[in-house]
Amino acid sequence: MDAELILERCDDLATITSTPGKLTRVHLSDEHRAANDMVAGWMADAGLSTWQDAAGNQCGRREGREPGLPALLLGSHIDTVPDAGRYDGMLGVLLAIGVAARLREVELPFALEVVAFSDEEGTRFGNALLGSRALAGTWDDEWWNLADDDGVTLFEAFGDFGLDPARLPGAFRRPDELVGYLEAHIEQGPILEDADRRLAVVTSIAGARRLELEMTGKAGHAGGARFEQRRDALVGASEVVVAIERISKRRGVLGTVGRIEVQPGGVNVVPGRVEFSLDLRAEFDEDRDQALGEILDEARAIAARRGLGFHHRELYRADATACDLDLRAALEAGIRATGDEDPPAFWSRAGHDGMAVSAVTPVGMLFVRCRGGVSHHPDEAVRKSDVAAALDAFEAAVRHLAAGR
Ligand code: GLV
Ligand code: MN
Ligand code: MN
């Protein structure tokens, strides 16, 4: 098992897409099924027995020195954002399988499991981490009513995928079944590249909230309505978008409006309704929540001034997650084994499955440098030598944990 094979497999997975020429693979789609099948084959090659769990996560397991021991879980996700890169999530799954392959003949004091989570990004249903929250048993039955852009509910999508919503609890794992969770992931930021370093230990994962915002005004003829009479929802929403950037910068949080939909959407029609998204994240939940309060106050004030209606609905919330100190130490030892005496450590601005898994077992994360810090974009790239170092460090971290038990 080497970096070349891992990168080849990332290329193979990237061929499974719903948008030819781009990479888009969403939860419970035909592409999800094909990716699970491909990953299951590689898991089997690494000596794991495989199954798809009741939430559509692809899993593999090998026993430790005796059958039935609690498992060390390694993994990441195989769903993507629209027009994605090929490493966000997938690299972590393939590194995990690579570690399992390397340790195939090694007796371990725990079982080793690899999981390819079905939904981390939330691209299809707006609510992220559905796969890992199922595994962690933190499922909320209200999510069954979430609908995708075609109006298909999560409940219906489960059925279409051949899963039975009533059996979902079968995916839940208990703390006593698990030793911990380790995930390798591209950094998705420029810190490692700027510092000319390959790998880092993650200290904590940023908390995030995602909302759907809506401005309502009155549609009308572009030539008919005088400006004083207009209640233009898009101009109001635009003011809110700019306010989000201003407030986020001042408060040191990360606020993004990534999607906006204008109705009725005619070139000669004053916009009557605008739906737009807000993704807000920060190292500390309190900073994020205070920023959100200010954004919502400002949006209400803008709406009132313009005679518009303003509504918001929260789609997703995950609080900041601290990585476990023992798992951090194991990853640090793993990186040291690759010749880096003083591994960098910093918090993750991106969300990860570990946020959900931490509800049921301690989590640790290894970051791998990516080119320019670019992610959620087809230009995502990693160096083969960094992937080789990550595989060595990940394997060494698991060996370190095994030696300590
Ligand atoms: C996941 O990639 C996220 O941070 O939104
Ligand atoms: Mn992502
Ligand atoms: Mn990811």
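As a reminder, the structure under discussion sits directly above these lines.
Since this is a predicted model, take the numbers as computed values, not measurements.

Peer 1: Before we go on, may I ask you to explain the layout of surface pockets in this structure?
Peer 2: Gaps left between atoms show up when a probe the size of a water molecule is rolled over them. Put simply, the largest pocket is a space of about 1,600 Å³. In terms of lining, the largest pocket is formed by 46 residues, of which the most central are Glu 121, Gly 122, Thr 123, Arg 210 and Arg 259. Those elements that provide at least two residues to the lining of the largest pocket are strand 7 (207-216), strand 9 (254-256), strand 12 (273-282) and strand 13 (309-318). Counting residues per element, the lining of the largest pocket draws most heavily on strand 12, at 5 residues. Each residue belonging to the lining of the largest pocket can be placed in one class, and the counts come to 14 nonpolar, 16 polar and 16 charged. Around the second largest pocket, the lining residues are Asn 127, Arg 133, Asp 140, Glu 142, Trp 143, Asn 145, Leu 146, Arg 313, Glu 314, Leu 315, Tyr 316 and Arg 317. It is strand 13 that provides the largest number of residues to the lining of the second largest pocket, a total of 5 residues. Here the lining of the second largest pocket is composed, by residue class, of 4 nonpolar, 2 polar and 6 charged.

Peer 1: How should the coordination of the manganese ion (ligand 2) be read in this particular structure?
Peer 2: Here the manganese ion (ligand 2) is held by Asp 88 (OD), Glu 121 (OE), Glu 121 (OE) and His 376 (NE2), and the distances to it run 2.0 to 2.7 Å. Written as a sequence motif, the donor residues of the manganese ion (ligand 2) are D-x32-E-x254-H. The distance between the manganese ion (ligand 2) and the manganese ion (ligand 3) is 3.5 Å, with Asp 88 acting as a donor to both metals. A residue pair is termed long-range when its members are at least 10 positions apart, and Glu 121 in the loop between strand 4 (111-117) and helix 4 (130-135) and His 376 in the loop between strand 16 (363-368) and helix 11 (384-403) qualify at 255 residues.

Peer 1: In this structure, what is going on with the coordination of the manganese ion (ligand 3)? I would like to understand it.
Peer 2: Tetrahedral coordination by four donors places them ideally at 109.5 degrees to one another around the metal; octahedral coordination by six donors ideally gives 90 or 180 degrees. Around the manganese ion (ligand 3), the protein contributes the donor atoms His 77 (NE2), Asp 88 (OD) and His 185 (NE2), which lie 2.0 to 2.2 Å from the metal centre. Here the donor residues of the manganese ion (ligand 3) are spaced in sequence according to H-x10-D-x96-H.

Peer 1: Please clarify how the packing of helix 1 (residues 3-14) against helix 3 (residues 90-102) should be interpreted in this entry.
Peer 2: Between two packed helices, both the angle of their axes relative to each other and the distance between the axes serve to describe the pair. Two elements in contact, helix 1 and helix 3, have axes whose closest approach is 10 Å; the angle formed by their N-to-C orientations is 135 degrees. When the interaxial angle is binned, helix 1 and helix 3 end up oblique. In this structure, helix 1 crosses over helix 3, and the sense of that crossing is right-handed. The residues of helix 3 that touch helix 1, namely those facing Ile 6, Arg 9, Cys 10 and Leu 13, are Met 90, Leu 91, Leu 94, Leu 95 and Ile 97. Looking at side-chain class alone, the contact of helix 1 with helix 3 contains 8 nonpolar, no polar and 1 charged residues.

Peer 1: Looking at this structure, how should I read empty space enclosed by the protein?
Peer 2: By the definition in use, this model includes 1 cavity of 30 Å³ or more. Taken as a whole, the largest cavity holds about 30 Å³ of empty space. Taken together, Asp 79, Thr 80, Val 81, Ala 84, Gly 85, Asp 88, Met 90, Glu 121, His 376 and Glu 380 make up the lining of the largest cavity. Within the lining of the largest cavity, the residues separate by chemical class into 3 nonpolar, 3 polar and 4 charged.

Peer 1: Is there a simple way to think about the side chain of Glu 187 in this case?
Peer 2: As for its placement among the helices and strands, Glu 187 is situated in the loop between strand 5 (178-186) and helix 6 (191-194). As a buried residue without a salt bridge, Glu 187 has its nearest oppositely charged side chain in Arg 349, at a separation of 6.4 Å. Setting aside residues up to four positions removed in sequence, Glu 187 forms contacts with Leu 192, Glu 193, Phe 346, Phe 367, Val 368 and Cys 370.

Peer 1: Looking at this structure, I do not really get unusual backbone geometry. What am I missing?
Peer 2: Glycine aside, negative phi is the norm for most residues, and most peptide bonds take the trans geometry. That bond from Gln 263 to Pro 264 is cis: its omega, 5 degrees, falls within 30 degrees of zero. The backbone phi angle of Asp 83 is positive, close to 55 degrees, even though this residue is not glycine. Considering the arrangement of structural elements, one finds Asp 83 in the loop between strand 3 (71-77) and helix 3. The exposure class of Asp 83 is partly exposed, given its relative accessible area of 29%.

Peer 1: Quick question: what am I supposed to make of the site of ligand 1 here?
Peer 2: Residues in contact with ligand 1, as listed here, are Glu 120, Glu 121, Arg 210, Arg 281, Ala 350, Gly 351 and His 376. In this structure, an oxygen atom belonging to ligand 1 sits 3.0 Å away from a side-chain N or O atom of Glu 121. Within the backbone of Gly 351, a nitrogen or oxygen atom sits 2.6 Å from an oxygen atom of ligand 1. Compared with its free state, where it exposes 190 Å², ligand 1 has 94% of that area covered by protein. One can see that ligand 1 is located within the largest pocket. Residues of the shell around ligand 1, tallied by class, amount to 1 nonpolar, 2 polar and 4 charged.

What counts, and at which threshold
- Residues numbered from 1 in each chain as written.
- Chains lettered and ligands numbered in written order.
- Predicted model: local features only at pLDDT ≥ 70, side-chain atom pairs only at ≥ 80, totals over all residues.
- Heavy atoms only, no water.
- 1 Å grid on protein atoms, 1.4 Å probe; cavity = no way out; pocket = protein on both sides within 12 Å on 5 of 7 lines; lining within 4 Å.
- Points joined across faces, edges and corners; volume = space filled by probe spheres on them.
- Helix = DSSP H or I, 4+ residues; strand = E, 2+ residues; numbered from the N terminus.
- Nonpolar A, V, L, I, M, F, W, Y, C, P; charged D, E, K, R; others polar.
- Donors = N, O, S within 2.8 Å, 3.2 Å for Na, K, Ca; no water.
- Axes fitted to C-alpha atoms, helices over the stretch in contact; angles between N-to-C directions.
- Parallel < 35°, antiparallel > 145°, perpendicular 65-115°, else oblique.
- Left-handed = near helix turned anticlockwise from the far one by under 90°.
- Contact = heavy atoms within 4.5 Å.
- Buried < 20%, exposed > 50% of the residue type's maximum accessible area, 1.4 Å probe, protein only.
- Lys, Arg positive; Asp, Glu negative; His and termini not counted.
- Salt bridge = Lys/Arg side-chain N within 4 Å of Asp/Glu carboxyl O.
- Near = heavy atom within 4 Å.
- Polar contact = N/O pair within 3.5 Å; in protein donor to acceptor, adjacent residues only side chain to side chain.
- Areas by Shrake-Rupley, 256 points an atom, 1.4 Å probe, with all protein chains shown as cover.
- Sits in = over half its atoms within 2 Å of the grid points.

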